[in-house]
Amino acid sequence: MRDLTDFDEAGLAAPPLLETRGLTFAAGGRRLIDGVNLTLRPGRRVAIMGPNGAGKSLLLRLMHGLLTPADGGVLWQGRRLDAAARAAQAMVFQRPVLLRRSVLGNLSFALRARGVPRHLRPARAEEALARARLTGLARSPARRLSGGEQQRLALAMALAGRPWVLFLDEPTASLDPASTHAVEEMLAEAHAQGVTTVTVTHDAGQARRVGDDLVFLQAGRVAEAGPVASLLDAPRSGPLRAWTEGRLWLPDR
Amino acid sequence: MPGLMEAFWDALRLIALGDADLWEIIGLSLRVTMTAVGLSCLIGLPLGAVVGAFRFPGRTALSLILNALMGLPPVVVGLGVYLMLSASGPLGVLQLLYTPTAMILAQMILVTPIVAALTRQVVEDLNEEYAEQFASLGVRRMERVAALIWDARYSLLTVALAGFGRAVAEVGAVLIVGGNIDHVTRVMTTTIALETSRGNLHLALALGAVLLVIALLVNAAVMAVRHTAQKVAYA
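Here the structure is a predicted model, which is why all the values come from computation and not from measurement.

Draft legend 1. Expanded view of the overall build of chain A. Of regular secondary structure, chain A possesses nine helices and ten strands. Relative to the 2.2 N^0.38 estimate, which gives 18 Å for 253 residues, the radius of gyration of chain A is 18 Å and therefore close to what a compact globule would have. A total of 253 residues make up chain A; the buried ones form 54% of that total. Residue pairs at least 24 apart in sequence account for 67% of intrachain contacts in chain A once pairs closer than 6 positions are excluded. With an accessible surface of roughly 11,500 Å², chain A has 51% of that area assigned to carbon and sulfur atoms. When the 34 positive and 24 negative side-chain charges of chain A are each reduced to one mean point, those points stand 8 Å apart.

Draft legend 2. Looking closely at the interface of chain B and chain A. Counting residues at the interface gives 23 residues for chain B and 22 residues for chain A. Taken over both partners, the interface formed by chain B and chain A buries close to 2,000 Å², and the fraction arising from carbon and sulfur atoms is 48%. Across the contact surface, chain B and chain A share five salt bridges. A salt bridge links D151(B) to R101(A), with the nearest nitrogen and oxygen atoms 2.8 Å apart. At the surface where chain B touches chain A, the tally comes to twelve residue pairs in polar contact (both at pLDDT 80 or more). Per-element accounting of the side of chain B that touches chain A gives the leading share, nine residues, to helix 5 (residues 100-137) of chain B. Tallied by class, residues from the side of chain B that touches chain A come to twelve nonpolar, four polar and seven charged.

Draft legend 3. Structural detail: the sheet that holds strand 4 (residues 71-76) of chain A. Taken together, the four strands give an open sheet; going across it, the order is 2-1-4-5 (chain A), and neighbouring strands pair in antiparallel fashion. Whereas interior strands pair on both sides, the edge strands pair on one side only; in this sheet they are strand 2 (30-40) and strand 5 (79-80) of chain A.

Draft legend 4. Focus on the pattern of salt bridges. The tally for this structure, following the rule as stated, stands at 24 salt bridges over all chains. A salt bridge links E19(A) to R21(A); its shortest N-O distance comes to 2.8 Å. Since its relative accessible area comes to 14%, E19(A) is described here as buried. On the basis of relative accessibility, which here comes to 34%, the residue R21(A) falls in the partly exposed class. One salt bridge in this structure joins E132(B) and R61(A), with 2.5 Å as the shortest N-O distance. Within this pair, whereas E132(B) is found in helix 5, its partner R61(A) is found in helix 1 (residues 56-63), the two belonging to separate chains.

Draft legend 5. Local environment of the environment of R140(B). Residue position: R140(B) is located in the loop between helix 5 and helix 6 (141-151). Look at R140(B) and you get partly exposed, because its relative accessible area is 44%. In this view, R140(B) contacts R112(A) and A113(A); residues no more than four positions away in its chain are not counted.

Draft legend 6. Fine view of the pairing of strand 9 (residues 213-218) of chain A. Residues and elements named next belong to chain A. Burial analysis of strand 9 places six of its six residues in the buried class, which makes it a mostly covered element. The two faces of strand 9 match: D213, V215 and L217 on one face and L214, F216 and Q218 on the other face are all buried. Sheet topology places strand 9 next to strand 10 (residues 221-227); six bridges connect them, and they run antiparallel. Bridging across to strand 10, L217 finds its partner in V222.

Draft legend 7. Looking closely at unusual backbone geometry. Even without being glycine, E170(A) reaches a positive phi, approximately 45°. Within the fold, E170(A) resides in the loop between strand 7 (165-169) and helix 6 (177-192). If you check the backbone angles, H183(B) has positive phi at about 65° while not being a glycine. Looking at the element boundaries, H183(B) is found in the loop between helix 8 (172-178) and helix 9 (188-198). For H183(B), a relative accessible area of 49% corresponds to the partly exposed category.

Draft legend 8. Looking closely at the pairing of strand 3 (residues 45-49) of chain A. Residue and element names in this part refer to chain A. Summarising burial for strand 3: five of the five residues are buried, a large majority. Where burial is concerned, the two faces of strand 3 agree: the one with R45, A47 and M49 and the one with V46 and I48 are both buried. Pairing geometry for strand 3 and strand 8 (residues 196-200), over four bridges, is parallel. When the bridges of strand 8 are listed, A47 appears paired with T199. Of the strand pairs in this sheet, strand 3 and strand 9 are connected by four bridges, and their pairing is parallel. By the bridge assignment for strand 9, A47 is matched with L214.

Draft legend 9. Highlighting the packing of aromatic side chains. For the coordinates displayed, the defined rule picks out four aromatic pairs over all chains. Summarising the aromatic geometry, the rings of W76(A) and W164(A) are spaced 6.1 Å apart at their centres and angled 35° between planes, so their arrangement reads as tilted. With W76(A) in strand 4 and W164(A) in the loop between helix 5 (147-160) and strand 7, this residue pair connects regions lying 88 residues apart in the sequence. Note on W76(A): relative accessible area 6%, which makes it buried. Positioned above the aromatic ring of F54(B), the side-chain terminus of R141(B) is 4.6 Å from the ring centre.

Draft legend 10. Expanded view of helix 9 of chain B. All of the buried residues along helix 9 of chain B are M188(B), T189(B), T190(B), T191(B) and E195(B). Directly after helix 9 of chain B, the chain includes G199(B), whose backbone phi takes a positive value near 90°.

Cut-offs applied
- Residues numbered from 1 in each chain as written.
- Chains lettered and ligands numbered in written order.
- Predicted model: local features only at pLDDT ≥ 70, side-chain atom pairs only at ≥ 80, totals over all residues.
- Heavy atoms only, no water.
- Helix = DSSP H or I, 4+ residues; strand = E, 2+ residues; numbered from the N terminus.
- Rg over C-alpha atoms; globule rule 2.2 N^0.38 Å.
- Buried < 20%, exposed > 50% of the residue type's maximum accessible area, 1.4 Å probe, protein only.
- Contact = heavy atoms within 4.5 Å.
- Areas by Shrake-Rupley, 256 points an atom, 1.4 Å probe, with all protein chains shown as cover.
- Lys, Arg positive; Asp, Glu negative; His and termini not counted.
- Charge placed at Lys NZ, Arg CZ, Asp CG, Glu CD.
- Buried area = accessible area lost by both parts, 1.4 Å probe.
- Salt bridge = Lys/Arg side-chain N within 4 Å of Asp/Glu carboxyl O.
- Polar contact = N/O pair within 3.5 Å; in protein donor to acceptor, adjacent residues only side chain to side chain.
- Nonpolar A, V, L, I, M, F, W, Y, C, P; charged D, E, K, R; others polar.
- Pairing = 2+ DSSP bridges.
- Phe/Tyr/Trp six-rings, centres within 6.5 Å; stacked < 30°, edge-to-face > 60°.
- Lys NZ or Arg CZ within 6 Å of the ring centre and 35° of its normal.

Encoded structure:
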């Protein structure tokens, strides 16, 4: 199957960081992810869109190794995705998962899990707090923060391990515009430092802001992929056209 | 019933005057029960957390067994420990029968499954929330168990409390392995049983009242801790 997401026809770009080859995931006898080929090159920002149930979150979890594919696989720098490769990835979930501890306690936990030596942790935690603009709230219970602050903390925890690739599953779905902006700013900073990002979003505006490339999923398959602006401005595939027009895509018609 | 009222006033006087025998009995009761609950938590918390946090062959069976053991009849446990510790039993050489140590052992056997089974439930629920984040961060197995226990700390306090309630009120097992020997293994529950059968209602009543107050105080303390925690640090 042709890889719709590999835009490097001239072969000039950096070698892929992560590739999926015929990635398939099934549950209850249904193929929820169906033969997805996708190439992620270092420093790119990819947005993944698609209607509910298209498999966006599943695809993210498969790439991050949280789920095991039924068929096909994920390659990290051309090799199988293993624990060491996983350590170079991080993920932010739609609903931030925070421990029942202080803000600082959460960051220390993430740094420790990522194998950062004890003597380096305070400085790294301080740095992460500043990045998330949570320095004044270091001692506050994490789960008493506002939704926006919680998601910034979750993002800071993910970035604290200095990942190469960051996966984000609708990170601002339940946030107000100001909080959304703050999260996107953190993302932009991370990208400026060379972090490759893959963001699932339902918001076309966000896709343009946090994506260079767009992958549009429909029923577990890549319906269309390419540069974000040209895809959203001039969709060619039926599913994406239906989506931009606010219609449900009904393949039988 | 003049006899009962009289016994009641006698009981109050005993408590108010701080009767030495009474306090000895209360002290031993608390020492045995708290040691047993403490040791049960040392075993039951990690055991329950491991069963709650990981999938492994035999996990369902183990959960089932732990749940079933929560309902162990104390007299059966007492009998089992008695047979183990009696002179002809496998642990007879330790000469522990009719000592507080034997009572602690029996209560541990009663309380550990309660702590483990309830911990499993609490940790399993919490793990459902944390599992993906832990996997994403690459948290190692033992760190996961420790983090789950720590983050469930206030729920687990209630678990320990359930164990304490079971142990402090229990009479069958400590009577069999302790023997209710005056000044050696006499605790509140065994004394109440003995004095009631002897007709010494005032001492039995006094101890019954103390037992109730202890249960009330321990519960109040745990509630206060939970309440403060929820206000300041734990959400």
